[in-house]
Amino acid sequence: DAGTTILEVARRVAGRPFTAIALDLPGAQALAVGATEVLLLGGRVRSNSFSITGPWTEEQLRNLRADVFLMGAHAVDERGVSNAVIEEAMVKKLAVEVSHKTIVLADHSKFGWRAMTQVCALDHVQQIVTDQGSRKLTWLKESGVELTIV
């Protein structure tokens, strides 16, 4: 996925022997170290965020399969994960579909509200990783999604 949280994870795992499908330019650059193989999808590069979106990206993603999708989120509430950018939400939806497991990485500021475009319901998410600042997550604990607080 794209975003600052995902970029930080990319920096921490770069160099390990695995293949990553990068959905933004900073993530691809951070991952392209040592034994990590990086697949960079083509498409429209959004200014400022450098995420890759659009029909070319979506077509390529439809033909891939992934073990794990690490997804950043603009917002997470009882209805699921949502994103403020429609084009990014479309790519995220496809990534959820082609992945065996989806893990959402979101800090405490992302919980309890909705962004404009629905990405997926919580039943499509197997795990959520968040920080200790996250409060009032009773609804999330009751959803059945594995919750990891770091």
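Please refer to the structure placed before this passage.
Residues numbered from 1 in each chain as written. Predicted model: local features only at pLDDT ≥ 70, side-chain atom pairs only at ≥ 80, totals over all residues. Heavy atoms only, no water.

Description of unusual backbone geometry
For residues that are not glycine, phi is negative in most cases, and the peptide bond is trans in most cases. One non-glycine residue, Asn-48, lies in positive phi territory at about 75°. If you trace the backbone, Asn-48 turns up in the loop between strand S3 (44–45) and strand S4 (52–53). With a phi close to 60°, Phe-50 is a non-glycine residue in the positive phi region. Residue position: Phe-50 is located in the loop between S3 and S4. Residue Phe-50 is classed as partly exposed on the basis of its relative accessible area of 40%. (Helix = DSSP H or I, 4+ residues; strand = E, 2+ residues; numbered from the N terminus. Buried < 20%, exposed > 50% of the residue type's maximum accessible area, 1.4 Å probe, protein only.)

Examining empty space enclosed by the protein
A full pass over the atoms with the stated rule returns one cavity of 30 Å³ or more. In this structure, the largest cavity spans a volume of roughly 50 Å³. Lining the largest cavity are Asp-1, Ala-2, Leu-23, Ser-51, Ile-52, Glu-88, Val-91 and Lys-92. Per element, the largest residue contribution to the lining of the largest cavity is three residues, and it comes from helix H4 (residues 86–98). Counted by class, the lining of the largest cavity contains four nonpolar, one polar and three charged residues. (1 Å grid on protein atoms, 1.4 Å probe; cavity = no way out; pocket = protein on both sides within 12 Å on 5 of 7 lines; lining within 4 Å. Points joined across faces, edges and corners; volume = space filled by probe spheres on them. Nonpolar A, V, L, I, M, F, W, Y, C, P; charged D, E, K, R; others polar.)

Thoughts on a nonpolar patch on the surface
There is a patch of nonpolar side chains on the surface, built from Leu-25, Leu-40, Val-45 and Phe-50 and spanning about 320 Å² of accessible area. Accessibility expressed as a relative area gives 39% for Val-45, which makes it partly exposed. (Patch = residues over 30% accessible without salt bridge, like charges linked within 9 Å, V, L, I, M, F, W, Y side chains within 5 Å. Areas by Shrake-Rupley, 256 points an atom, 1.4 Å probe, with all protein chains shown as cover. Salt bridge = Lys/Arg side-chain N within 4 Å of Asp/Glu carboxyl O.)

Thoughts on the sheet that holds strand S10 (residues 127–130)
Pairing is parallel across the open sheet formed by four strands, whose spatial order is S5-S8-S10-S11. Lying at the two open borders of the sheet, with one neighbouring strand each, are strand S5 (66–72) and strand S11 (146–149). Taken over all neighbouring pairs, the strand axes of this sheet differ in orientation by 20° on average, direction set aside. One ladder, built from three bridges, connects strand S8 (residues 99–105) with S10; its direction is parallel. (Pairing = 2+ DSSP bridges. Axes fitted to C-alpha atoms, helices over the stretch in contact; angles between N-to-C directions.)

A look at the sheet that holds strand S6 (residues 75–77)
Taking strand neighbours across the sheet as the criterion, the three strands line up as S6-S7-S9 in an open arrangement whose pairing is antiparallel. In this open sheet, the two strands that pair with only one neighbour each are S6 and strand S9 (117–120). On average, each strand axis in the sheet is inclined to that of its neighbour by 35°, with strand direction left out of account. When S6 meets strand S7 (residues 80–83), the two strands line up antiparallel, connected through three bridges. By the bridge assignment, Val-76 is partnered in S7 with Val-81. Packing against the sheet, H4 makes contact with S7 and S9, and its axis sits at approximately 15° to S9. (Contact = heavy atoms within 4.5 Å.)

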